[in-house]
Amino acid sequence: IGLFAITGKTGSGKSTILDTMCIALYGQTPRFPATRQQGLKMADDIYISDPRRILRQGCQSCYARVRFLTSFDQIYEATWSFSLKNKTPKAKRTLENLTTGEKHDIREIEQIIGLNFNQFCHSVLLAQGQFAAFLKMPSAERAALLEHMTDTQIYSHISKATFERFR
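Residues numbered from 1 in each chain as written. Predicted model: local features only at pLDDT ≥ 70, side-chain atom pairs only at ≥ 80, totals over all residues. Heavy atoms only, no water.

**As for the confidence of the model for the protein chain**
In low-pLDDT regions, the fine details of the predicted coordinates are not to be read closely.
Now for step 1: Looking at the protein chain, pLDDT values average 79 and 74% of them are 70 or higher.
Now for step 2: The lowest-confidence element of the protein chain is strand β1 (residues 41–43), averaging 53 in pLDDT; the highest-confidence one is strand β6 (residues 102–104), averaging 97. (pLDDT = per-residue confidence, 0-100. Helix = DSSP H or I, 4+ residues; strand = E, 2+ residues; numbered from the N terminus.)

As structure tokens, then:
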């Protein structure tokens, strides 16, 4: 586990990599906020803000697949797929523990990863100017998120216990 920087020229696909990770894990991307803008449709029931808009013009289907290792040494695979060929275009999402072969309800993703979509975007991705948003978060919220990500909550507990003991 480490820190990764995705770099490249404009148009080289950096944001597409981040979109792929997000859409496979959470079914949404920072680029397409989860709000509906009425009247702005791409196809039948696909609004301009819909993550299914990631489908390249002229294509009929697309998918995203992400494999990740948890802190419990379990390998998971999350997928998202979409096809305009379906009568009612709806994205399909799956989640599988590849270590055990067990299928999971995709809604368990937040529990397995330990972050909701917004926390993931603000801490893991820091995409396209999101680092500034992370820095502008209230300090208590930012500290709690960093502690959660680095699994260092124990130090807060030790600090509080030490303070209480010597008070």
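There's more to say after this.
**A word on the sheet that holds β6**
Either a parallel or an antiparallel arrangement is found when strands of a sheet pair, and the pairing is made through backbone hydrogen bonds.
Now for step 1: Read from one edge to the other, the open sheet built from 4 strands follows the order β3-β4-β5-β6, with strand pairing classed as antiparallel. Each end of this open sheet is capped by a strand with a single partner; those strands are β3 (61–69) and β6. With direction set aside, neighbouring strand axes in the sheet form an average angle of 20°.
Now for step 2: One ladder, built from 9 bridges, connects β3 with strand β4 (residues 75–83); its direction is antiparallel. Looking across to β4, one finds that C62 is bridged to F82.
Now for step 3: The sheet strands contacting helix α1 (residues 14–26) are β3, β4 and β5 (92–97), and the helix crosses β3 at an angle near 85°. (Pairing = 2+ DSSP bridges. Axes fitted to C-alpha atoms, helices over the stretch in contact; angles between N-to-C directions. Contact = heavy atoms within 4.5 Å.)

**A few points about unusual backbone geometry**
Now for step 1: Despite not being glycine, D73 shows a phi value in the positive range, around 55°.
Now for step 2: Relative to the elements of secondary structure, D73 occurs in the loop between β3 and β4.

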